[in-house]
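# Geometric and topological summary
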Amino acid sequence: MMKIATDEAARAQIMERIRRGTTDIIDKDPVTDVPITWTYGTGLEMDDVVGTFVAKVLDYQAEVVQVTPPEVPAAIVDGLAATGASNSVVVPPGLDKTWLDAIRASGLSVIVDSAEVGHGVLNRTDAVVTAASSAIADTGTILLTHGPAEGRRAISLVPDRHVCVVRASQVVSDLPEAIRAVKQSVVDGKPLTMISGGSATSDIELSRVDGVHGPRRLHVIVVDDA
């Protein structure tokens with residue numbers, strides 16, 4: 001009984017503070033009381049959006065290279081080698097054919113993803129290669145909407161290594177701008193995956209553990225498609 005009385009007293013005290021703090025609000029409709037003077041999704045002012053994105057990704061201990069469009073296939077092969085992939089790669093069914101041909105020519109076994117490819121197979125696969133839908137300079141985050149060139153969420157979460165190709169034109173300043181860029185995918189009910197560096201976490205003693213809920217290694221290829 002004492003606990004209930006104490007809870008009720010605390011609630012009354014909180015409500016009284018709220019009432020005192022809102023006495024100057026005449027119009028109770030928040031839309032008309034505080035007019036919004038900014039437009040959602042316009043982005044942050046930033047001198048170098050792509051450069052900021054690259055710096056943030058590097059800060060997450062991921063690897064980044066910047067290339068021109070013709071250099072992408074070779075950059076993917078080099079990226080796979082840099083991450084330590086030596087046997088097999090899973091790719092989404094809509095991956096660019098020239099990229100796929102380059103991977104196969106490098107001698108790696110290629111698994112084209114489908115619903116029949118189970119988690120056991122993905123767990124034994126060295127790496128995944130995907131495209132991206134958007135990227136955020138302010139946080140160094142990559143967005144996947146899991147279209148044909150990005151594949152199922154599972155392939156970007158289970159293998160230990162992820163080589164991701166991001167076009168410079170896809171890089172925006174902040175999260176609202178990125179969400180606006182992928183709005184149609186959200187409306188269509190597609191899942192969103194946000195990647196900020198390789199998967200890592202720390203325990204209470206700050207001991208870093210890699211690969212807990214995604215790839216241990218992230219290799220980003222930024223394509224200058226201006």
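Residues numbered from 1 in each chain as written. Predicted model: local features only at pLDDT ≥ 70, side-chain atom pairs only at ≥ 80, totals over all residues. Heavy atoms only, no water.

With an unreviewed UniProt entry as reference, the chain is termed Lactate utilization protein C, source organism Luteococcus sanguinis.

## Thoughts on the nonpolar core
One recurring pattern in soluble globular proteins: nonpolar side chains tend to sit buried together. Membership of the largest hydrophobic core comes to 21 residues, with the highest contact counts inside it found for I76, L80, V91, I103, V129 and I221. In this structure, V91 is in contact with L100, I103, V110, I111, V112, D113, V129 and I155, ignoring residues within four places of it in sequence. (Core = buried A, V, L, I, M, F, W, Y, C linked by side-chain atoms within 4.5 Å. Buried < 20%, exposed > 50% of the residue type's maximum accessible area, 1.4 Å probe, protein only. Contact = heavy atoms within 4.5 Å.)

## Quick word on the side chain of Q170
Within the element layout of this structure, Q170 appears in the loop between β7 (161-167) and β8 (171-172). Using a relative accessible area of 9% as the deciding quantity, one classes Q170 as buried. Leave out the neighbours within four places in its chain, and Q170 touches A132, S133, S134 and A135. (Helix = DSSP H or I, 4+ residues; strand = E, 2+ residues; numbered from the N terminus.)

## Brief notes about the sheet that holds strand β3 (residues 109-112)
The strands that make up a sheet pair up through hydrogen bonds in the backbone, lying either parallel or antiparallel. If you walk across this open sheet you meet the six strands as β1-β12-β7-β4-β2-β3, and the pairing is parallel. Each edge of the open sheet is held by one strand with a lone partner, namely β1 (63-67) and β3. Shown here is a sheet whose adjacent strand axes are inclined to one another by a mean of 20°, direction ignored. Judged from the five bridges that link them, β1 and strand β12 (residues 217-223) form a sheet pairing that is parallel. Residue pairing for β12: V67 is matched across the bridge by V223. Contacting β1, β2 (88-91), β4 (127-130), β7 and β12, helix α4 (residues 72-83) crosses the sheet at an angle of about 165° to β12. (Pairing = 2+ DSSP bridges. Axes fitted to C-alpha atoms, helices over the stretch in contact; angles between N-to-C directions.)

## Points about the sheet that holds strand β9 (residues 193-195)
On the basis of which strands lie adjacent, the open sheet formed by four strands has the order β8-β5-β6-β9 and mixed pairing. The sheet terminates laterally at β8 and β9, the two strands that pair on one side only. Sheet analysis places strand β5 (residues 134-136) next to strand β6 (residues 141-144), joined by three bridges and oriented antiparallel. Counted as the bridge partner of I136 is T141 from β6.

## Looking at helix α3 (residues 49-59)
Turning to α3, its buried residues number three or more, namely F53, V54 and V57. Buried residues of α3, seen end-on, are gathered within an arc of 100° and therefore sit on one face of the element. The inward-facing, buried residues of α3 contact β1, β5, β6, β8 and β12. Where α3 ends, the next residue or the one after it, Q61, has phi of about 70°, a positive value. (Arc of directions from axis to C-beta.)

## Observations regarding the packing of α4 against helix α5 (residues 97-105)
The contact between α4 and α5 brings their axes to 8 Å, and the two run at 45°. Accordingly, the angle class assigned to the pair α4 and α5 is oblique. In terms of crossing hand, the pair formed by α4 and α5 is right-handed. Contacts from V72, P73, I76, V77 and L80 of α4 reach α5 at T98, W99, A102 and I103. Residues belonging to the contact of α4 with α5 are distributed by class as follows: eight nonpolar, one polar and no charged. (Parallel < 35°, antiparallel > 145°, perpendicular 65-115°, else oblique. Left-handed = near helix turned anticlockwise from the far one by under 90°. Nonpolar A, V, L, I, M, F, W, Y, C, P; charged D, E, K, R; others polar.)

## Here's the deal with the environment of V57
Mapped onto the fold, V57 is located in helix α3. Judged by its relative accessible area of 2%, V57 is buried. It is 19 Å that separates the C-alpha atoms of V57 and A81, two residues lying 24 residues apart in sequence. V57 has contacts with A62, V64, G140 and V220, leaving out every residue within four places of it along the chain.

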